[in-house]
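Letter by letter, the chains look like this.
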Amino acid sequence: MYLEKDDERVLAGEFGETRQKMMEILVALGEVYGAEKLVPIASAQVSGASYKTIGRWGLAWLRSLDARAAVPAVLNPIGMPREGWQEFGIAEEFAARQAEVVEAYRRLGIKLECTCTPYYLRMTEYGEHLAWSESSAVAYANSVLGARTNREGGPSALAAAIIGKTPYYGLHIVENRRPQVVVEVESGAGLHADHWGAIGYLAGKKVGNRIPIFEGIRPGRDNLKALGAAMAASGAVALFHVEKITPEARVFEFSTGDLDRVTVSGDEIEALFAEKEVEAVAVGCPHCSADELREIAELLRGKTTTKPFYIFVARGVAAENADLVAAIEKSGARVIPDTCMVVSPRMDEFSSIMVDSGKAFAYVPGMCGALARIGTRRECVEVATS
Ligand code: F3S
């Protein structure tokens, strides 16, 4: 892989051991994937932030590093809200370790936004190269914003943040962003306007790691977020297109008749929505937008929760919408920043959790050891208040 002179000096250790290690990670990755060069990035988003997922070895590695991010870089959700973790039911020992992880990232110059929706907080432009690692954020950046990022691991995103570059391969190259499979969503009995998480969950299982293009659907921005997050979890989708909606859907010349085709049927969606008793309800995977907070506040108006109901959100979005947060919490529901239903150990205490997200539906059983039920946001509110 071609390296500029300064990059060679970094690799030779002239700018310290941490930068050298980070460059070694990028070079190794670039060589595995046949990258011809490194490309400068506009921002990084770094996963591996919850002590629940990285444990003591991850913490020890982070503490051994000594450098600063060269580009704007934000942290993925951690295992607890940074303030008020006691009320959220986090054990003191976990909180102490999690605080050490946060401090290690702070020293490395990673902004402590602790969110999987960094695009609500910082403008990301069409065509920008990024190194983001949270799979739903990657799907959103590539598909909805038209930016270019591979699905980075935590260490490679951190390396890219510190070096300010990433290997130029995969989805950084326009030709690799072509649609590969058509997804047809059958309209009909089972299909409800709020079923995007379920559609994504089913589509992801069918398309695997191919780049899908959807026909005949009209999702809004938050719907696209739900769709992509679910496909990234049940499949390995890092980029998808929606005819007439997403920015790159028109960039490529092709005929949908020449591509493989899969169908998501109303019956499949219906079957996914099987009713089960649940102990808790959680929404905000990926973290809620202001519009979603508004919708939840509206659905909760005049109601009182009968079981724990958590709404996960970026701290910055919660702060900008304090009136909506107050309206939601009046019902007994709790708006929790910095963390989520998958990466927080708090959720491991429930044996069954209802979610409105295809991604959470895919991850809750494995990551929290709980049965998962999926419903629309409206159904989640109904279950949380009945
Ligand atoms: Fe975000 Fe956690 Fe879901 S990181 S995408 S809320 S699993």
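Up top is the structure.
Sequence order as written defines residue numbering, which begins from 1 separately in each chain. It should be noted that, the model being predicted, local features are given only for residues of pLDDT at least 70 and side-chain atom pairs only at 80 or more, the latter also being counted only at that level, while totals for whole chains, interfaces and linings use all residues. Processing note: side-chain calculations cover all non-hydrogen atoms of the structure and skip hydrogens and water entirely.

Visitor: Pulling in residues and values, what's your account of the side chain of Glu 215?
Guide: The way it works is that DSSP assigns letters per residue, a run of H or I at least four long becomes a helix, a run of E at least two long becomes a strand, and they are numbered from the N terminus. If you trace the backbone, Glu 215 turns up in strand β7 (residues 212–215). Look past the residues within four positions of Glu 215 in its chain and what remains in contact with it is Val 182, Val 183, Glu 184, Val 185, Glu 243, Thr 256 and Arg 261. Note on contacts: a residue pair qualifies if any of its non-hydrogen atoms lie within 4.5 Å across the two residues.

Visitor: Could you give an account of unusual backbone geometry, naming the residues involved and the relevant values?
Guide: Most peptide bonds adopt trans geometry, and most residues besides glycine take a negative phi value. For the bond running from Cys 285 to Pro 286, omega is -10 degrees, close enough to zero to count as cis. Structurally, the position occupied by Pro 286 is in strand β10 (residues 280–288). Its identity as a non-glycine residue notwithstanding, Lys 244 has a phi of 65 degrees, on the positive side. Looking at where Lys 244 falls in the secondary structure, it is placed in the loop between β8 (241–242) and β9 (260–264).

Visitor: I'd love a proper account of the packing of aromatic side chains, names of residues and values included.
Guide: Within 6.5 Å between ring centres, the rings of Phe, Tyr and Trp (the latter by its six-membered ring) count as paired, and their orientation is classed by plane angle as stacked under 30 degrees, edge-to-face over 60, tilted in between. All told, the structure shown has 10 aromatic pairs when counted by the stated rule. A ring pair is formed by Phe 214 and Phe 240, whose centres lie 6.3 Å apart and whose planes are at 85 degrees; its orientation type is edge-to-face. Note that Phe 214 is positioned in strand β7 and Phe 240 in the loop between α8 (221–234) and β8, a separation of 26 residues in sequence. Across this residue pair, the class does not change: Phe 214 and Phe 240 are buried. Three or more aromatic residues joined by ring pairs form one cluster here, namely Phe 88, Tyr 310, Phe 312 and Phe 350. When the ring centre of Tyr 168 is taken as origin, the NZ or CZ atom of Lys 37, which lies over that ring, is 4.7 Å away. Exposed residues in this analysis have more than 50% of their type's maximum accessible area, buried residues have under 20%, and partly exposed residues fall in between, with area computed by a 1.4 Å probe over protein chains only. Sitting over a ring, as applied to charges here, requires NZ of Lys or CZ of Arg to be within 6 Å of the ring centre and within 35 degrees of the ring normal.

Visitor: An account of the sheet that holds β8 is needed here, citing residue identities and associated values.
Guide: Ordered by their spatial adjacency, four strands build an open sheet running β8-β7-β6-β9, and the pairing between neighbours is parallel. Either end of the sheet is taken by a strand with one partner, and the two such strands are β8 and β9. Each of β6 (181–185), β7 and β9 is contacted by helix α7 (residues 196–207), which is oriented at about 150 degrees to β9, the strand it contacts most. By this definition, two strands are paired if DSSP reports at least two bridges between them. Structural elements are reduced to axes, namely lines fitted to C-alpha atoms, with helices fitted over the stretch in contact, and the angle between N-to-C directions of any two is expressed from 0 to 180 degrees.

Visitor: Tell me about the nonpolar core, residues and numbers included.
Guide: We define a nonpolar core as any set of buried Ala, Val, Leu, Ile, Met, Phe, Trp, Tyr and Cys residues linked to one another through side-chain atoms lying within 4.5 Å. Of all hydrophobic cores here, the largest spans 103 residues; its most connected members are Phe 214, Met 341 and Val 364. If we skip the residues at most four places from it in the chain, Val 364 touches Met 341, Val 342, Ile 353, Val 355, Gly 369, Ala 370, Leu 371 and Ala 372. Listed in part, the 25 residues of the second largest apolar core include Val 278, Leu 300, Met 354 and Ala 384.

Visitor: Quick one: what's the story with the pattern of salt bridges, residue by residue and with numbers?
Guide: We define a salt bridge as a side-chain nitrogen of Lys or Arg found within 4 Å of a carboxyl oxygen belonging to Asp or Glu. Considering all chains together, one arrives at 24 salt bridges under this definition. The salt bridge involving Asp 7 is made with Lys 165; its shortest N-O contact spans 3.0 Å. Taken together, the positions of Asp 7 in helix α1 (residues 5–11) and Lys 165 in strand β5 (residues 165–167) put the pair 158 residues apart, joining distant regions of the chain. Relative accessible area serves as the criterion here: at 8%, Asp 7 is assigned to the buried category. Residue class for Lys 165 comes out buried when judged on its relative accessible area of 14%.

Visitor: I'd like to hear about the sheet that holds strand β3 (residues 73–75), residue by residue, with values.
Guide: The three strands lie next to each other as β3-β2-β4, forming an open sheet whose pairing is parallel. Looking at which strands have only one partner, the edges of the open sheet turn out to be β3 and β4 (130–132). For this sheet, the mean angle separating the axes of adjacent strands, direction not counted, is 10 degrees. As defined by bridge partners, strand β2 (residues 43–46) adjoins β3 across three bridges and the pair is classed as parallel. If you follow Ala 44 over to β3, its bridge partner there is Ala 73.

Visitor: Pulling in residues and values, what's your account of the site of the ligand?
Guide: We call a residue near a molecule or strand as soon as one heavy atom of that residue lies within 4 Å of the molecule or strand. Around the ligand, a shell composed of Pro 77, Cys 116, Glu 134, Ser 136, Gly 284, Cys 285, Pro 286, Cys 340, Val 342 and Lys 359 is seen. It is β10 that contributes the most residues to the shell around the ligand, three residues altogether. Under this grouping Gly is polar, as are all residues other than the nonpolar Ala, Val, Leu, Ile, Met, Phe, Trp, Tyr, Cys and Pro and the charged Asp, Glu, Lys and Arg. Considered class by class, the residues forming the shell around the ligand number six nonpolar, two polar and two charged. An automatic or database domain assignment supplies the residue ranges for each domain. Shared between two domains, the shell around the ligand holds at least three residues of each, these being domain 1 (5–174) and domain 3 (280–385).

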